[in-house]
Amino acid sequence: METYYRDTWVEIQLDAIKHNIQSLNDYLPDKTGIYAVVKANGYGHGDIQVAKTALASGAQALAVSLLDEALKLRKAGISAPILVLGWVRPCDAPLAAAHNIMLTFFQEEWLQQVKQYKFKERLTLHMKWDTGMGRIGVRTIEEMDALLTELDDPRLHLQGVFTHFASADECNLAHYTKQVERFHVLLQAFCRRWKYPVELHTGNSAASMRFPEQMHHKVRFGIGMYGLPPSDVVKDLQLIQLQPAFSLHSKLIHVKKVEKGESISYGATYTTEENEWIGTVPLGYADGWMRKLQGIDVLINGKRMPIVGRICMDQLMVKLDQFYPIGTKVTFIGKQGDDIIKVEEIARYADTINYEITCMISYRVPRVYVENDAVVQVDHVTSY
Ligand SMILES: *Cc1c(COP(=O)(O)O)cnc(C)c1O
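Residues numbered from 1 in each chain as written. Predicted model: local features only at pLDDT ≥ 70, side-chain atom pairs only at ≥ 80, totals over all residues. Heavy atoms only, no water.

Draft legend 1. Seen up close, the UniProt feature "domain: Alanine racemase C-terminal" (unreviewed entry) in the chain. The UniProt record annotates "domain: Alanine racemase C-terminal" (unreviewed entry) at residues 245–370. Between the end C-alpha atoms of residues 245–370 there is a gap of 9 Å, over a span that is 11% helix and 40% strand. (UniProt positions renumbered as here; feature names shortened; annotations may be inferred. Helix = DSSP H or I, 4+ residues; strand = E, 2+ residues; numbered from the N terminus.)

Structure (structure tokens):
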């Protein structure tokens with residue numbers, strides 16, 4: 001197995017991914033399947049391991065944002081259907097076809113350009129409808145009709161139609177409802193025109209947890225698969241018991257007693273109020289632990305202790321309540337003893353959402369995959 005030579009690591013509980021997929025599967029109607037969304041390196045968790053676990057636990061297909069991400073999964077030997085949710089350059093469509101990767105389309109010129117390229121494998125496509133997200137997709141029946149006309153090429157196969165909700169995680173569902181209505185207006189027009197069966201999918205984690213019976217053929221399950229709530233509103237509804245898969249740990253690499261009145265780190269922003277034990281930890285903003293997190297707690301010996309002074313590129317300092325030996329475990333996200341620091345706590349402190357926190361932990365931090373309490377795989381900087 002691969003190894004690494006630093007005392008900072010992310011632990012991914014693959015059992016949690018499995019639990020979350022199985023729970024959603026039990027919760028959804030039988031007719032509704034699951035795309036496991038593993039874009040952005042599986043929201044920072046590791047795309048290949050998460051994809052394999054999700055597929056083995058009941059997901060039928062994968063979704064990513066970029067063609068590069070889809071190709072990485074194919075290269076890892078994954079043969080399940082993969083849908084690219086974002087825009088791909090027309091000139092790269094033949095490559096997608098060659099690797100049996102499904103692409104998203106919503107522009108007439110895009111289809112016209114794709115048809116000019118030589119390729120022999122069938123290109124499988126999903127049409128994107130913009131029902132109120134305002135990002136990508138067709139907005140009118142006329143635009144949709146124009147796209148259907150351009151699908152007159154036997155190499156092009158329309159397999160699916162989808163839309164994306166902008167606010168399915170919010171308390172006020174007016175915008176969600178408007179999007180559902182627009183989807184049905186477009187769908188009616190589509191069914192009049194197109195006589196072949198297609199797969200319909202609309203829901204992200206929030207929609208699939210709140211409105212399981214409205215979810216058509218598949219859902220696109222991202223944040224919930226990682227065991228994180230799409231929002232506080234959805235968390236408080238307690239619809240499915242999710243298990244977080246992600247935790248972040250390091251170790252003390254230096255411990256010293258600092259006299260009262262001494263300063264710590266760049267800019268001398270922290271001054272010791274008494275004689276204090278200060279520990280140094282090899283995690284910094286180049287690992288994704290942003291400078292904005294100065295002052296937040298870590299867990300050592302099951303107790304909360306604050307980060308003091310500026311966070312450096314590769315290291316930070318913690319105010320300890322007593323002496324601890326070098327090598328003592330420091331937990332930034334996850335459980336220690338009876339306490340837990342959740343991704344949501346970090347997100348609140350940094351004025352952002354849980355999605356951004358796991359994504360921001362950089363490639364420099366090794367990912368250690370755990371299944372049944374045993375390490376089954378390690379990914380680190382030289383194995384990317
Ligand atoms: C990222 C993404 C999802 C997954 O959303 P979650 O809120 O993480 O479940 C679904 N659909 C599209 C189009 C996306 O970009």
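Draft legend 2. Spotlight on the site of the ligand. Every residue near the ligand is listed here: Val 37, Lys 39, Tyr 43, Leu 85, Arg 135, His 164, Asn 204, Ser 205, Arg 220, Gly 222, Ile 223 and Tyr 355. Take His 164: an N or O atom from its side chain is 3.3 Å from a nitrogen atom of the ligand. Here an oxygen atom of the ligand and a side-chain polar atom of Ser 205 are 2.5 Å apart. In isolation the ligand exposes 390 Å². Once the protein is present, 93% of that is buried. Split by residue class, the shell around the ligand holds 5 nonpolar, 4 polar and 3 charged. (Near = heavy atom within 4 Å. Polar contact = N/O pair within 3.5 Å; in protein donor to acceptor, adjacent residues only side chain to side chain. Areas by Shrake-Rupley, 256 points an atom, 1.4 Å probe, with all protein chains shown as cover. Nonpolar A, V, L, I, M, F, W, Y, C, P; charged D, E, K, R; others polar.)

Draft legend 3. Local environment of the pattern of salt bridges. All told, the structure shown has 18 salt bridges when counted by the stated rule. The residue Arg 89 makes a salt bridge to Asp 92 at a minimum N-O spacing of 2.8 Å. With a relative accessible area of 18%, Asp 92 lands in the buried category. The partner of Arg 139 in a salt bridge is Asp 130, with the nearest N and O atoms 2.7 Å apart. Residue class for Arg 139 comes out partly exposed when judged on its relative accessible area of 48%. Where salt bridges share partners, they join Arg 6, Asp 287, Asp 314 and Arg 364 into one cluster. (Salt bridge = Lys/Arg side-chain N within 4 Å of Asp/Glu carboxyl O. Buried < 20%, exposed > 50% of the residue type's maximum accessible area, 1.4 Å probe, protein only.)

Draft legend 4. Inspection of the packing of helix α7 (residues 141–150) against helix α8 (residues 174–193) at higher detail. Where α7 contacts α8, the axes come no closer than 10 Å and their chain directions differ by 35 degrees. Seen from above, α7 lies across α8 with right-handed handedness. When α7 is examined against α8, the residues Ile 141, Met 144, Asp 145, Leu 148 and Thr 149 are found in contact with a partner set consisting of Val 185, Leu 186, Ala 189, Phe 190 and Arg 193. A class-by-class count of the residues in the contact of α7 with α8 yields 7 nonpolar, 1 polar and 2 charged. (Axes fitted to C-alpha atoms, helices over the stretch in contact; angles between N-to-C directions. Left-handed = near helix turned anticlockwise from the far one by under 90°. Contact = heavy atoms within 4.5 Å.)

Draft legend 5. Inspection of the pairing of strand β7 (residues 156–163) at higher detail. Counted residue by residue, β7 has 6 buried out of 8 residues, so it is predominantly covered. Examined bridge by bridge, strand β6 (residues 123–129) and β7 share 7 bridges and lie parallel to one another. Bridge pairing in β7 places Trp 129 opposite Thr 163. Bridging between β7 and strand β8 (residues 199–203) involves 3 bridges; their strand directions are parallel. Along β8, the bridge assignment pairs Phe 162 with His 201. (Pairing = 2+ DSSP bridges.)

Draft legend 6. Molecular detail of helix α4 (residues 67–75). Those residues of α4 that sit buried are Leu 67, Glu 69, Ala 70, Leu 73 and Arg 74. Taken end-on, α4 shows its buried residues confined to a sector of 160 degrees, consistent with a single buried face. Away from the buried face of α4 by more than 90 degrees, exposed residues Asp 68 and Lys 75 are located. In the stretch just after α4, Gly 77 is the one whose phi turns positive, near 90 degrees. (Arc of directions from axis to C-beta.)

Draft legend 7. Quick look at the domain arrangement of the chain. When cut into domains, the chain gives domain 1 (31–225) and domain 2 (246–383). Placing a centre on the C-alpha atoms of domain 1 and another on those of domain 2 gives a separation of 38 Å. The largest contributions to the domain 1 side of the interface with domain 2 come from His 45, Gln 49 and Ile 223, which together make up 58% of the buried area. Connecting domain 1 to domain 2 are 0 salt bridges. Here domain 1 is connected to domain 2 by 3 residue pairs in polar contact (both at pLDDT 80 or more). Partitioned by chemical class, the residues of the side of domain 1 that touches domain 2 number 3 nonpolar, 4 polar and no charged. (Domains from an automatic or database assignment. Buried area = accessible area lost by both parts, 1.4 Å probe.)

Draft legend 8. A look at the nonpolar core. Formed by 117 residues in total, the largest nonpolar core has its most connected members in Phe 190 and Trp 289. Ranked by residue count, the leading element in this core is α8, at 7 residues. Per-domain counts for this core show at least three residues from each of domain 1 (31–225) and domain 2 (246–383). If sequence neighbours within four positions are ignored, Phe 190 has contacts with Met 127, Trp 129, Met 144, Leu 148, Leu 158, Val 161 and Val 198. (Core = buried A, V, L, I, M, F, W, Y, C linked by side-chain atoms within 4.5 Å.)

Draft legend 9. Quick peek at the UniProt feature "binding site: substrate" (unreviewed entry) in the chain. With numbering aligned to this structure, UniProt lists the feature "binding site: substrate" (unreviewed entry) at Arg 135 and Met 313. Over a stretch of 179 residues, the named residues are scattered through the fold, their C-alpha atoms separated by up to 34.4 Å. Here Arg 135 lies in the loop between β6 and α7. What Arg 135 contacts, discounting residues up to four positions off in sequence, is Asp 130 and His 164. Its place among the elements puts Met 313 in the loop between β16 (303–308) and β17 (316–320). The residues contacting Met 313, other than those within four sequence positions of it, are Gly 284, Tyr 285, Ala 286, Asp 287 and Arg 364.

Draft legend 10. Fine view of α7. Of the residues making up α7, those classed as buried are Met 144, Ala 146, Leu 147, Leu 148 and Glu 150. Here the buried face of α7 lies against β5 (101–105), α6 (108–115), β6, β7 and α8.

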